[in-house]
Every structure is written in structure tokens, then in C-alpha cells.
Amino acid sequence: MKKTLILLLAVVAATLSAAAQTLYKSHVHVGGHAGAALSQQTFSPSIEQGMHKGLTLGASFRYAEERHVGLMAELNFTQRGWTEDFSDNPQFSYSRTLSSIELPIMTHIFFGSRKVKCFFNLGPQLCYMVGDNISANFDYHNISSIPDFPSRNRHTAQMSMEVENRFDYGICGGVGMELIVKKRHSIMLEGRYYYGLGNIYGASKKDYFSASRGSAIMVTLGYMFRVK
């Protein structure tokens, strides 16, 4: 009886698999995207900061052989970092841009009509920092010599510290809409959030910060072309 049940389940599974392959033809898309990135660094102890504004752009690859589920992979260049908050002392400004090459590999869940689809993306992301640029209107290496600098109750070590860890990893997730313009052409609008798990500075007990992780909100407009 048990062997018969197992055999029956195997036949049913094979039938459903064959039916799915008959009803839905696998497809492959390639394309590109660009947009804006708003980011911060989560420091512990925390610092006063605003949203850092940067850009993001890259190439996309998408594969799906199921009706509502596929795989999305990208190779991106993104500017993340942080901007110190000097709202009470607007004569000072400091912003640090950390430019990275990113590789997100995500599950792509989509649904909708032949003309308009909604989708969700979720998966891990690997990053490698290729640039570190500081923009400031004061000498952040010698803050104690600056008259009227608001150093009270403010951490300043992060301004001059060298990045120790250029490799980062984290989780990203997004939601968006795809408009099919023609049979093989589509336009995508997506909002995505990235939460980094790696620290740019040392995080041992002897280090100044126990955490220095990045996070970002990205909004992109993209184009996809169906090659198969």
C-alpha cells in the first residue's frame, strides 16, 4: 500500500511538472537600470547624521521557467555612505561617499496581466568597496583646533578613520511594477531596501565602534529586453 501511494504521488508530481512546462515557456531577460540611492551608516555608539544622496546603476539578468517565480541577478555600481548632521551649525558640512560594486541574487516573484505586472525581489547581496571620498569644509583630522566646532556630545572619530573592511554582505528586498511596452520590451520601476551585515571599521572590544553597518533605499527605473 505504501509503495503504491509513493508511486502514485510520483506519477502525479511528474504529470504536474509536465503540465507546468507545457503551460508556461521559460524566458530570459537582460537589461539595465539607474536611479537614486539614499543611505546611512548604523554606528554604535550612534552619530548624528542625515541621509546621504548618491546614484546607482547597473545591468540586470532575469530567468524564469515557472509562471510566477524566477531568478534576478544584477551587477551594480552604487554610491552609499553617510552625511553628518550639522543642522544646528550649518556653517559646517561633512559627507563621505563609499562607492561599491554590488552583486544581488534574488528570488523574483511576479504576477499580473500581459501588459502590467507587479513583482517582489528578495535575496542576498555581496558588495566590494572601490571608492572612498570625503567632502568637508573643515579639517576633520584636527577638529580640536577649529573654533566653535560643535564637538560636545558628538562623536568625531568616524570622520578621519580609514575603512578597514571593503567587503560587505547583506540582504536586499524590493517591490515594483513592470510595464510591457512591446512583446520583447518592458520598463520597470522599483523601490528597494538594502541592509548590510558587515562593518566598515573594526568591531572588536578594543575598537571605537562596535558596529558600522550600511543601509540604503534605492529607487530605479529600468529597461528589460526578452532574449528568449
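Preceding block: the structure.
Now for a description of the structure that goes with this document. Because the structure is a prediction, the values reported are computed rather than measured. Here the residue numbers are simple positions, counted from 1 along each chain's written sequence. Restriction of local features to residues with pLDDT of at least 70 applies here, the model being predicted, together with a cutoff of 80 or more for giving and counting side-chain atom pairs; totals for whole chains, interfaces and linings are based on all residues. Each side-chain value is derived from all of the structure's non-hydrogen atoms; neither hydrogens nor water enter the calculation.

1. Some remarks on the pairing of strand β7 (residues 167-180)
- Judged by which residues are buried, β7 turns out to be one-sided: Asp168, Gly170, Cys172, Gly174, Gly176, Glu178 and Ile180 face inward and are buried, whereas Phe167, Tyr169, Ile171, Gly173, Val175, Met177 and Leu179, on the alternate face, are not.
- Bridge count between strand β6 (residues 116-136) and β7: 13 bridges; the pairing is antiparallel. Residue pairing in the sheet places Cys118 in a bridge with Met177 of β7.
- Bridge count for β7 against strand β8 (residues 185-196) is eleven bridges, and the pairing is antiparallel. Each bridged residue has a counterpart across the sheet, and for Cys172 the counterpart in β8 is Tyr194.
- Count of turn residues in the β7/β8 antiparallel hairpin: four residues. The rule is simple: take the accessible area with a 1.4 Å probe, protein chains only, and divide by the maximum for that residue type; under 20% is buried, over 50% is exposed, in between is partly exposed. Per the convention used, a helix needs a DSSP run of H or I reaching at least four residues, while a strand needs a run of E reaching at least two, with both numbered from the N terminus. When DSSP locates at least two bridges between a pair of strands, those strands are taken to pair.

2. A word on the pairing of strand β4 (residues 69-84)
- Sheet topology note: the strand β2 (residues 49-50)/β4 ladder contains two bridges and is antiparallel. Each residue of the ladder has a partner; that of Gln49, found in β4, is Glu84.
- Here eight bridges tie strand β3 (residues 52-64) to β4, and the two strands are oriented antiparallel to one another. Within the sheet, the bridge partner assigned to Arg62 lies in β4 and is Met72.
- Hairpin connection, β3 to β4: the antiparallel pair is bridged by four residues.
- Here β4 runs beside strand β5 (residues 94-112); their pairing, made up of 13 bridges, is antiparallel. Of the residues in β5, the one forming a bridge with Val69 is Ile109.

Interpretation note: all reported values are geometric properties and have no functional meaning in isolation.
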